[in-house]
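In case you want the letters, here they are:
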Amino acid sequence: MIDLTYAAKGTFDQNGKVIINVCIPTETHSGKYQKEIYNMSKITSNGSINAIFCHFSDGTSTAMQHQNFDYRLNLDIYAMKNHRGATDFDESKDDAVFLFFHNTSFDESDRAYYFEQIETIYNDIKHNGNQAHDGVATNAALSNPRKIGMSLITKMPVTK
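What counts, and where the lines are drawn
Residues numbered from 1 in each chain as written. Predicted model: local features only at pLDDT ≥ 70, side-chain atom pairs only at ≥ 80, totals over all residues. Heavy atoms only, no water. Salt bridge = Lys/Arg side-chain N within 4 Å of Asp/Glu carboxyl O. Helix = DSSP H or I, 4+ residues; strand = E, 2+ residues; numbered from the N terminus. Buried < 20%, exposed > 50% of the residue type's maximum accessible area, 1.4 Å probe, protein only. Polar contact = N/O pair within 3.5 Å; in protein donor to acceptor, adjacent residues only side chain to side chain. Contact = heavy atoms within 4.5 Å. Arc of directions from axis to C-beta. Core = buried A, V, L, I, M, F, W, Y, C linked by side-chain atoms within 4.5 Å.

Undergrad: Can you help me understand the pattern of salt bridges in this one?
TA: Pairing of side chains with opposite charge becomes possible as their charged atoms draw close. All told, the structure shown has six salt bridges when counted by the stated rule. Glu36 serves as the salt-bridge partner of Lys81, at 3.9 Å between the closest nitrogen and oxygen. Note that Lys81 is positioned in strand 8 (residues 81–82) and Glu36 in strand 3 (residues 34–39), a separation of 45 residues in sequence. Using a relative accessible area of 43% as the deciding quantity, one classes Lys81 as partly exposed. Here Glu108 and Arg84 are joined by a salt bridge, their closest N and O atoms 2.9 Å apart. Here Arg84 lies in the loop between strand 8 and strand 9 (95–103) and Glu108 lies in helix 1 (residues 108–116), a separation of 24 residues in the sequence. Judged by relative accessible area, Glu108 falls into the partly exposed class, the value being 30%.

So this is what it looks like as structure tokens:
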């Protein structure tokens, strides 16, 4: 069985609302989860790619192991921080890359690395499905656990 810890399922709509369920445990009442959300949408040689990056920490340096999509994120596309060089999120597109990066340090070099790789990541997910991996070492302090979930979320159909 493929380990999908950190991968996600979700949708977005034409009004900028995003609902994502990540394969990690729900947050406890102690509120130990910390996150920063970034728009990392990008113009590539093949057109634009919508991308959302979530820097995540649970206060430990231990990787999670989980089998259910229990952690819910409700996001507003217009309230996200923009990564340097990102373009506007295009709600007319049918999908978006969602990157969920579990690390104790929220370092910009990690975001920059994944921003540069958006097109490759998008194509990999399109061909091989949602997945989770060890995060690549960047110039950031090598804090742990450095795990990344890479997923596609889809646009909700408009109902009339």
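Undergrad: What exactly am I supposed to notice about the side chain of Gln131 here?
TA: Mapped onto the elements of the fold, Gln131 is located in strand 10 (residues 131–134). With a relative accessible area of 11%, Gln131 lands in the buried category. At a separation of 2.6 Å, a polar atom in the side chain of Gln131 contacts the side chain of His133.

Undergrad: Help me understand the environment of Ile49, please; the structure alone is not making it clear to me.
TA: With respect to the helices and strands, the residue Ile49 is situated in strand 5 (residues 47–49). With a relative accessible area of 7%, Ile49 lands in the buried category. Distance in space between the C-alpha atoms of Ile49 and Val97 is 7.6 Å, their sequence separation being 48 residues. If near-sequence neighbours (up to four positions away) are discounted, Ile49 is found in contact with Ser41, Lys42, Thr44, Val97, Ile118, Glu119 and Tyr122.

Undergrad: What is the right way to read helix 2 (residues 118–128) from this model?
TA: In an α-helix there are 3.6 residues to a turn, and that puts residues three or four apart on one side. Those residues of helix 2 not exposed but buried are Ile118, Ile121, Tyr122 and Ile125. In a view along the axis of helix 2, the buried residues occupy a sector of 100 degrees, so they form one face of it. For helix 2, the exposed residues set more than 90 degrees away from the buried face come down to Thr120, His127 and Asn128. The first or second residue beyond helix 2 is Gly129, which carries a positive phi of 85 degrees.

Undergrad: Is there a simple way to explain the nonpolar core in this structure?
TA: Nonpolar side chains in soluble globular proteins tend to end up buried together. Core analysis: the largest hydrophobic core is formed by 23 residues, its most contacted members being Ile20, Val22, Ile24, Ile52, Leu73, Phe98 and Phe100. Where this core is concerned, the elements lending two or more residues are strand 1 (8–12), strand 2 (17–22), strand 6 (51–57), strand 7 (71–76) and strand 9. With residues up to four places along the chain from it excluded, the contact list for Phe100 reads Tyr6, Val22, Ile24, Cys54, Phe56, Tyr71, Leu73, Lys147, Ile148 and Gly149. Among the nonpolar cores identified, the runner-up in size contains 17 residues, and Ile49, Phe53, Val97 and Tyr114 belong to it.

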